[in-house]
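# Working through the structure, step by step
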Amino acid sequence: ASTALAAWLATTGALVLHAGAVVFDGRGVLLVGAGGAGKSTATLAAALGGAGVVGDDLCVVDVDPDRNAATVASLFATVKVNADTEARLGLEDWPGLGITPAGVRSVAREARLRLAKAMG
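Description of the structure in this document. As the structure is a computational prediction, the values presented were derived from the model and not from experiment.

### Focus: the sheet that holds strand β6 (residues 78–81)
One open sheet holds the three strands; their spatial order is β6-β8-β7, and the pairing between them is antiparallel. A strand with exactly one partner marks an edge of an open sheet, and here the two such strands are β6 and β7 (96–99). Adjacent strand axes in the sheet meet at a mean angle of 30° when their direction is disregarded. Taken together, the three bridges between β7 and strand β8 (residues 105–108) define a ladder with antiparallel strand orientation. Along β8, the bridge assignment pairs I99 with R105.

This is the structure:
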């Protein structure tokens, strides 16, 4: 489904990126890299440290050249965590939603984490 969604969004000029996104004081940072590089861990660590979280795994990025800004939205309200991330960040008690085909646990973001809707 993500491939079809990405193709449709491309017709609007938006991109679907395999990335995490966090916001600091209204300014956003995209965390990109190969699977297993630590994007989810870094996103969660930033969120637990007080950053706003836009998304993890797949983010929709819509650039507005007139404003010189981008809007970012997450396709998921979940975060993928492996065992070492859970242990390092103390996430063992977060409710799990399932296991990915790669054996990674998917968890819902806790309500205490600030959720940023967009970044500029």
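### A short note on the nonpolar core
Ranked by size, the top nonpolar core spans seven residues in total: A21, V23, V54, C59, V61, A70 and V72. Elements represented by at least two residues in this core include exactly β1 (15–24), β4 (58–64) and β5 (69–74).

### Remarks on helix α2 (residues 39–48)
Among the residues of α2, those classed as buried are K39, S40, T43, L44, A46 and A47. Buried residues in α2, looked at end-on, bunch into an arc of 160°, giving them a common side. Buried residues in α2 make contact with β1, β2 (27–32), β3 (52–55), β6 and α3 (83–89). Immediately downstream of α2, the backbone of G50 shows phi near 115°, a positive value.

### Quick notes on the pattern of salt bridges
Summed over the entire model, instances satisfying the criterion amount to four salt bridges. In this structure, R67 and D64 form a salt bridge, with 3.0 Å as the shortest nitrogen-oxygen distance. On the accessibility criterion, R67 (52% relative accessible area) is exposed. For D64, a relative accessible area of 25% puts it in the partly exposed group. Here R105 and E86 are joined by a salt bridge, their closest N and O atoms 2.4 Å apart.

### Things to note about unusual backbone geometry
For N68, which is not glycine, the phi dihedral falls at a positive 55°. Topologically, N68 is positioned in the loop between β4 and β5. On the basis of relative accessible area, N68 is assigned to the exposed category, the value being 71%.

About the thresholds
- Residues numbered from 1 in each chain as written.
- Predicted model: local features only at pLDDT ≥ 70, side-chain atom pairs only at ≥ 80, totals over all residues.
- Heavy atoms only, no water.
- Pairing = 2+ DSSP bridges.
- Helix = DSSP H or I, 4+ residues; strand = E, 2+ residues; numbered from the N terminus.
- Axes fitted to C-alpha atoms, helices over the stretch in contact; angles between N-to-C directions.
- Core = buried A, V, L, I, M, F, W, Y, C linked by side-chain atoms within 4.5 Å.
- Buried < 20%, exposed > 50% of the residue type's maximum accessible area, 1.4 Å probe, protein only.
- Arc of directions from axis to C-beta.
- Contact = heavy atoms within 4.5 Å.
- Salt bridge = Lys/Arg side-chain N within 4 Å of Asp/Glu carboxyl O.

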